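Now for the letters of each chain:
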Amino acid sequence: MAETLAPMVEALQRGEVIADTEVDLEGPGRRILSFSGTPLRDAFGTLIGSVLIVRDVTGRREVEDLKDEVLSIASHDLRVPVAVIKAQAQLLRRLIDHKKADIGAIDEGLGSIVGQTDHLSRLLTLLLDLSRIEAGRLELAPAPMDLRLLISRTIKGMQATTRRHVLQLRAPQQVRGSWDEHRLQEVLENLLANAVKYSPKGGTIGVHVRAGKRSVTVRVNDQGIGLDLDEMPHVFERFYRAKGTRALEGAGLGLYVCQAIVAAHGGRLWAESAGSGHGSTFSFTLPHATMADA
Ligand SMILES: Nc1ncnc2c1ncn2[C@@H]1O[C@H](COP(=O)(O)OP(=O)(O)OP(=O)(O)O)[C@@H](O)[C@H]1O
Ligand SMILES: [Mg+2]
């Protein structure tokens, strides 16, 4: 700190003005300080002292960093699917113009457009959720529902996107509770999409639901690339992506949002893995009645 201040004190002693000079105090409790200073003179213009104002701008900088990250995701990850959708639509139009549009080609083109649209809408939802979480406005609308029904519907939708994986559900006939169905669907879609994406060789994805007296536990298990012990605590951080997965597309937001949704329900989400190459299990618990609803 003394080293940081010395050049500013010297500048003030020379009669110079310091305008919003930011200093990054790195370390575990990282703080960013902004210094503004002005020399004080008497009526004759003689330097008689100075004022140095220090402001803690850590929060402001974090918001700016977040905006940069979101913009970079928006400019890349949102552009790619839009470009693919446009290219597919143009290709279909050309096929029609040249009377080569057989049903197989149309089906393939439309399938790709629908897939990219789903991807786009998922990303937009993640970005909107992120802004709500950061603003502390992730509100839930809990209502009585059957979790088994929601999971089996979500599994069906995900199974339609992959031939390499077999998705299996083990759950009681009915799992009643009061939860925000729309938000829980997001959690399930994210966990299942991860299980598919991070097991590129395929395999079984098991979803296991256990209903206890007070809470329900859902486990999503895959036979994919797994997680190292040192990666495990970080996967729920905003924008975090493990070393081996950066070639696969993703923004590093899915689990961050899932955790916020589960926590808002009064539950907990955690990861387990026997290590790299040995698959992963993501589990969450939910109390039968959401706190906001109780
Ligand atoms: N089932 C899984 N197996 C192995 N690693 C996983 C699994 N799920 C998540 N991860 C690791 O955790 C990281 C964070 O996951 P998260 O879902 O938050 O982001 P993402 O999948 O990279 O992008 P997106 O925002 O599109 O979901 C991933 O990049 C990956 O490294
Ligand atoms: Mg993900």
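Let me sum up the structure you'll find in this document.

Brief notes about the overall build of the chain
A tally of regular secondary structure across the chain gives seven helices and 10 strands. Relative to the globule expectation of 19 Å for 294 residues, the C-alpha radius of gyration of the chain, 26 Å, shows a markedly less compact shape. The buried share among the 294 residues of the chain stands at 37%. In the chain, of all internal contacts separated by at least 6 residues, the share reaching a separation of at least 24 is 65%. Just so you have it, the chain exposes about 17,200 Å², and 55% of that area is on carbon and sulfur atoms. Charged side chains of the chain number 36 positive and 36 negative; the gap between the two group centres comes to 7 Å.

Re the environment of Val9
As for its placement among the helices and strands, Val9 is situated in helix α1 (residues 2–13). Residue classification places Val9 among the partly exposed positions, given a relative accessible area of 36%. In the structure, Val9 is positioned 41 residues away from Ser50 in sequence and 8.9 Å away in space, judged by C-alpha atoms.

Here's the deal with the sheet that holds strand β2 (residues 31–41)
Backbone-to-backbone hydrogen bonds join strands into a sheet, with any given pair of strands oriented parallel or antiparallel. Strand order in the open sheet made by the three strands is β1-β2-β3, with antiparallel pairing throughout. Edge positions in the sheet fall to β1 (18–25) and β3 (47–56), since each of these pairs with one other strand and no more. Averaged over all adjacent pairs, the angle separating strand axes in this sheet is 25°, with direction ignored. Relative to β3, β2 is paired through nine bridges, and the arrangement is antiparallel. Bridge pairing in β3 links Ser34 to Arg55.

Examining the nonpolar core
Looking at soluble globular proteins, one finds that nonpolar side chains tend to be buried together. Ranked by size, the top nonpolar core spans 53 residues in total, and within it Leu147, Leu191, Val218 and Phe284 carry the most contacts. Sort the elements by how many residues they give to this core and helix α6 (residues 181–197) lands first, with eight residues. Three or more residues apiece are contributed to this core by two domains, here domain 2 (66–134) and domain 3 (143–293). Not counting residues within four places of it along the chain, the set of residues in contact with Leu147 comprises Val175, Trp179, Leu184, Val216, Val218 and Leu286. Formed by six residues, the second largest nonpolar core is a distinct cluster that contains Met8, Ile18, Leu33 and Phe35.

Some thoughts on the side chain of Asp222
Looking at the secondary structure, you find Asp222 in strand β8 (residues 215–222). Buried and without a salt bridge, Asp222 has Lys197 as its closest oppositely charged side chain, separated by 12 Å. For Asp222, the side chain forms a polar contact with the main-chain nitrogen of Gly224, separated by 2.8 Å. Apart from the residues lying within four places of it in its own chain, the contact partners of Asp222 are Ala195, Ser199, Thr204, Ile205, Gly279 and Ser280.

As for the packing of helix α4 (residues 103–134) against helix α7 (residues 254–264)
Running from N to C, α4 and α7 point in directions that differ by 55°, and their axes come no closer than 10 Å. It follows that α4 is oblique to α7 by the angle criterion. In this structure, the crossing between α4 and α7 has a hand that is left-handed. Two secondary-structure elements touch here, α4 through Arg122, Leu126, Asp129, Leu130, Ile133 and Glu134 and α7 through Gly254, Tyr256, Val257 and Ala260. Of the residues in the contact of α4 with α7, the class split is six nonpolar, one polar and three charged.

Rules of the game
Residues numbered from 1 in each chain as written. Chains lettered and ligands numbered in written order. Predicted model: local features only at pLDDT ≥ 70, side-chain atom pairs only at ≥ 80, totals over all residues. Heavy atoms only, no water. Helix = DSSP H or I, 4+ residues; strand = E, 2+ residues; numbered from the N terminus. Rg over C-alpha atoms; globule rule 2.2 N^0.38 Å. Buried < 20%, exposed > 50% of the residue type's maximum accessible area, 1.4 Å probe, protein only. Contact = heavy atoms within 4.5 Å. Areas by Shrake-Rupley, 256 points an atom, 1.4 Å probe, with all protein chains shown as cover. Lys, Arg positive; Asp, Glu negative; His and termini not counted. Charge placed at Lys NZ, Arg CZ, Asp CG, Glu CD. Pairing = 2+ DSSP bridges. Axes fitted to C-alpha atoms, helices over the stretch in contact; angles between N-to-C directions. Core = buried A, V, L, I, M, F, W, Y, C linked by side-chain atoms within 4.5 Å. Domains from an automatic or database assignment. Salt bridge = Lys/Arg side-chain N within 4 Å of Asp/Glu carboxyl O. Polar contact = N/O pair within 3.5 Å; in protein donor to acceptor, adjacent residues only side chain to side chain. Parallel < 35°, antiparallel > 145°, perpendicular 65-115°, else oblique. Left-handed = near helix turned anticlockwise from the far one by under 90°. Nonpolar A, V, L, I, M, F, W, Y, C, P; charged D, E, K, R; others polar.

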